[in-house]
Each structure stands twice: as C-alpha cells, then as structure tokens.
Amino acid sequence: QVQVVESGGGLVQAGGALRLSCAASGRTFSTYAMGWFRQAPGKEREFVAAISLDGGATYYVDSVKGRFTISRDNAKNTVYLQMNSLKPEDTAVYYCAARPNSRALTIYRTRDEYAYWGQGTQVTVSS
C-alpha cells in the first residue's frame with residue numbers, strides 16, 4: 001500500500017503563487033509516475049499535470065501551461081507543483097496520485113491510470 005499526502009494549499013490572491021508538495025511512501029518511489037488533478041465544486045475531477053518516474057517527461061493541461069511547473073525529488077519521495085500567476089478559476093481541491101511500476105519517460109493523464117490518491121489540499125484564489 002502506498003500512502004500519498006499532499007500539503008501546501010491555502011488562500012492566495014489572484015496573481016499570487018503557491019507550491020504544493022506530495023509525499024509518497026514506499027522504497028520504490030522512483031518507479032512511480034506521479035500526477036496532479038483538481039476538482040472544483042460541482043465539477044468533475046480533472047487532470048492538471050503529470051511527471052514520469054524519472055522526471056524526464058512532463059505534461060500539463062492547456063489552462064495551466066506556462067504558469068504551473070511539476071517536478072520531483074526521488075531522494076525525498078516527493079513531487080511538487082509550483083503554481084504561479086494564479087487565477088480564481090484555479091480554485092479547487094488538488095489531489096496527488098501515484099502510479100507504481102510505470103515506464104520511463106511515460107506520462108499518464110487519466111484518473112484510471114493511477115492506483116493511489118491523497119486526500120487533497122484546498123487551493124482558493126481570491127479575485
């Protein structure tokens with residue numbers, strides 16, 4: 001069983017920045033592809049960003065390209081989501097997800113491709 005724990009959410013004004021962190025348990029973190037998803041009130045959970053197990057490939061939903069950056073530190077079993085130039089429409093609960101036994105340089109973008117999920121962290125952007 002892999003435990004996934006997000007942190008770093010909060011309230012920020014439009015144009016501000018936040019960095020989310022996601023710690024995943026297990027001695028084989030370097031074999032996990034990781035992803036960030038978000039869910040706004042009344043909406044489906046949507047893909048935001050993903051990173052391959054080796055950090056060599058990343059992918060973003062169009063609405064966050066150029067503003068968000070996903071990265072990982074395999075020595076710390078942690079993946080990050082740096083969010084800059086935040087907008088009110090970025091307000092949501094952000095979830096981190098892990099997919100063990102992934103392939104190098106491979107991105108996973110759908111919810112069904114991830115096996116383990118965190119509880120989520122709230123991000124609220126005020127206008």
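Our structure's up above, just so we're on the same page.
Summary of the structure given here. Just so we're clear, the structure is a prediction, and the values are computed from it rather than from any experiment. (Residues numbered from 1 in each chain as written. Predicted model: local features only at pLDDT ≥ 70, side-chain atom pairs only at ≥ 80, totals over all residues. Heavy atoms only, no water.)

### Structural notes on the packing of aromatic side chains
Stage number 1. Inspection of the entire model under this criterion finds six aromatic pairs.
Stage number 2. Here F37 and Y114 contribute two aromatic rings whose centre-to-centre distance is 5.5 Å and whose plane-to-plane angle is 80°, an arrangement assigned as edge-to-face. Taken as a pair, F37 in strand β4 (residues 33-39) and Y114 in the loop between β9 (92-99) and β10 (116-117) lie far apart in primary sequence, 77 residues in all.
Stage number 3. Overall, the relative accessible area of 1% leaves F37 in the buried class.
Stage number 4. Geometrically, the ring pair formed by Y114 and W117 is edge-to-face, given 6.3 Å between the ring centres and 65° between the ring planes.
Stage number 5. Note on W117: relative accessible area 25%, which makes it partly exposed.
Stage number 6. The structure contains a cluster of three or more aromatic residues connected by ring pairs, namely F37, F47, Y59, Y114 and W117. (Phe/Tyr/Trp six-rings, centres within 6.5 Å; stacked < 30°, edge-to-face > 60°. Helix = DSSP H or I, 4+ residues; strand = E, 2+ residues; numbered from the N terminus. Buried < 20%, exposed > 50% of the residue type's maximum accessible area, 1.4 Å probe, protein only.)

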